[in-house]
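Now for the letters of each chain:
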Amino acid sequence: MSLDDDLAAWAAGVRLPDDEADAIFRRIIATPVPVPGPAAVPSPAHAAVPRLAPSWWGDFSAGFAARMIDSTRPVRRAA
Amino acid sequence: MDSEAEFRRLYQAHRVAVHAYFTGRTGGHPAAADLMQDVFLRVWQHLDELADLSEDRQRAWIFTVARNLAVDAYRLQHTRAAAEQALAREPARTPPPVSTAVLAAERAAVVGEAIRRLPEQQRVTLALAAAGELNSTEIAAALGVPAGTVRYRLSLARRYLAEALGHYDDQEEER
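Owing to the predicted nature of the structure, the values given are computational and were not obtained by experimental measurement.

How would you summarise the overall build of chain B if you had to cite specific residues and measurements?
Each helix and strand in chain B was counted, giving nine helices and zero strands. Element order for chain B, N to C, with α for helix and β for strand: α-α-α-α-α-α-α-α-α. Across the 175 residues in chain B, those meeting the buried criterion constitute 38%. Taking the intrachain contacts of chain B between residues at least 6 apart in sequence as the baseline, contacts between residues at least 24 apart amount to 68%.

As structure tokens, this is what we get:
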């Protein structure tokens, strides 16, 4: 026997039998194919998230700085 | 598009090679069959995408999925033990003995054991060629390596198998 014959004998032993392959085929086609939803309707995971106003960070920083400066001033005594 | 007919065409065209690939990666039945089923389940779920591709690109797509599944650490861990046992007992479906069949079965077992000892890259390449019925160019496309690399791996694997069979023949003569 040649090496090719030996390899062919090995391959015949490990190859998936047709009846098992058919059973796998039937199991797969019994699986429902996911139908993509309409593109206009976002999924919950990708729903639009409300965004902050572009000026938010500037306003916040300015307000924070002003309060810090105020906090370092001596308290005015009541007259 | 007739989905079932298109899927059947892809399944018939590629199932033998995909199963051979997993035989090389995992050792064989039943792990290879499970992984093959996973690959074709994805094919079924992405049939619309695949239908527009050329045959070469369909094969590349299918084997990319196969490679991704094969490197899944859990799956490999889960299947490796079964794989070793499966290869050790192959060929399980060899027809019942007559004298030449016994000899052939023994040699096939020697081949199977030698294949199990090959480095994984050589084992997968050889499985795709011998059991998957793919040529060097098709194996190269499936594995994403140059065709020359495929031929080199096949050459090394065949040399190793020839040596293993040579040892077996020598032992048989001494008996």
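Give me the overall build of chain A: which residues, what numbers.
Scanning chain A for helices and strands turns up three helices and zero strands. Secondary structure of chain A in N-to-C order comes out as α-α-α. Each of the 79 residues in chain A was classed as buried or not, and the buried ones make up 14%.

Explain the packing of helix α1 (residues 3-26) of chain B against helix α2 (residues 31-45) of chain B residue by residue, including any values.
Residues and elements named next belong to chain B. Where α1 meets α2, the axes come as close as 8 Å, and the angle between the chain directions of the two elements is 145°. Remark: the crossing between α1 and α2 carries right-handed chirality. Touching Phe 7, Leu 10, Tyr 11, Arg 15, Val 18, His 19, Phe 22, Thr 23 and Thr 26 of α1 are Ala 31, Ala 32, Ala 33, Leu 35, Met 36, Val 39, Phe 40, Val 43 and Trp 44, all from α2. Taken together, the residues of the contact of α1 with α2 sort by class into 14 nonpolar, three polar and one charged.

If you had to explain the packing of α1 of chain B against helix α4 (residues 55-70) of chain B to someone new, which residues and values would you point to?
A pair of packed helices is captured by two measures, namely the crossing angle of their axes and the spacing between those axes. All names here are of chain B. Two elements in contact, α1 and α4, have axes separated by 11 Å at closest approach and are oriented at 30°. With respect to α4, the axis of α1 lies roughly parallel. Handedness of the crossing formed by α1 with α4: right-handed. Counted together, Leu 10, His 14, Val 18, Tyr 21, Phe 22 and Arg 25 of α1 and Gln 58, Arg 59, Ile 62, Phe 63, Ala 66 and Ala 70 of α4 form the full contact between these two elements.

Describe unusual backbone geometry, naming the residues involved and giving the relevant values.
Residues and elements named next belong to chain B. Positioned with a positive phi, Glu 133 is a non-glycine residue whose angle comes to about 60°. As for its placement among the helices and strands, Glu 133 is situated in the loop between α7 (120-130) and α8 (136-143). Judged by C-beta crowding, with 13 C-beta atoms within 10 Å, Glu 133 ranks as partly exposed.

Describe in detail the environment of Ile 28 of chain A, supporting the description with residues and values.
Position of Ile 28 of chain A relative to the elements: it lies in helix α2 (residues 18-29). For Ile 28 of chain A, the residues in contact, after removing those within four places along its chain, are Gln 37, Phe 40, Leu 41 and Trp 44 of chain B.

Tell me about the interface of chain A and chain B, and please be specific about residues and values.
Each partner contributes to the interface: chain A provides 21 residues, whereas chain B provides 33 residues. Those elements that provide at least two residues to the side of chain A that touches chain B are α1 (3-14) and α2 of chain A. Residue classes in the side of chain A that touches chain B are distributed as 16 nonpolar, two polar and three charged.

Just give me the short version of α7 of chain B, but keep the residues and values in it.
Within α7 of chain B, nine of the eleven residues are buried, which leaves the element mostly enclosed by the surrounding structure. Among all positions in α7 of chain B, only Gln 122, Arg 123, Val 124, Thr 125, Leu 126, Ala 127, Leu 128, Ala 129 and Ala 130 of chain B are buried.

Report on the environment of Val 150 of chain B, specifying residues and quantitative values.
All names here are of chain B. Along the polypeptide, Val 150 turns up in helix α9 (residues 147-174). The spacing of Val 150 and Ala 129 is 21 residues in sequence and 9.6 Å in space, taken between C-alpha atoms. Leave out the neighbours within four places in its chain, and Val 150 touches Thr 125, Ser 136, Ile 139, Ala 140 and Val 145.

What counts, and where the lines are drawn
Residues numbered from 1 in each chain as written. Chains lettered and ligands numbered in written order. Predicted model: local features only at pLDDT ≥ 70, side-chain atom pairs only at ≥ 80, totals over all residues. Helix = DSSP H or I, 4+ residues; strand = E, 2+ residues; numbered from the N terminus. Buried ≥ 20, exposed ≤ 12 C-beta atoms within 10 Å, placed from the backbone. Contact = placed C-beta atoms within 7 Å. Axes fitted to C-alpha atoms, helices over the stretch in contact; angles between N-to-C directions. Left-handed = near helix turned anticlockwise from the far one by under 90°. Nonpolar A, V, L, I, M, F, W, Y, C, P; charged D, E, K, R; others polar. Parallel < 35°, antiparallel > 145°, perpendicular 65-115°, else oblique.

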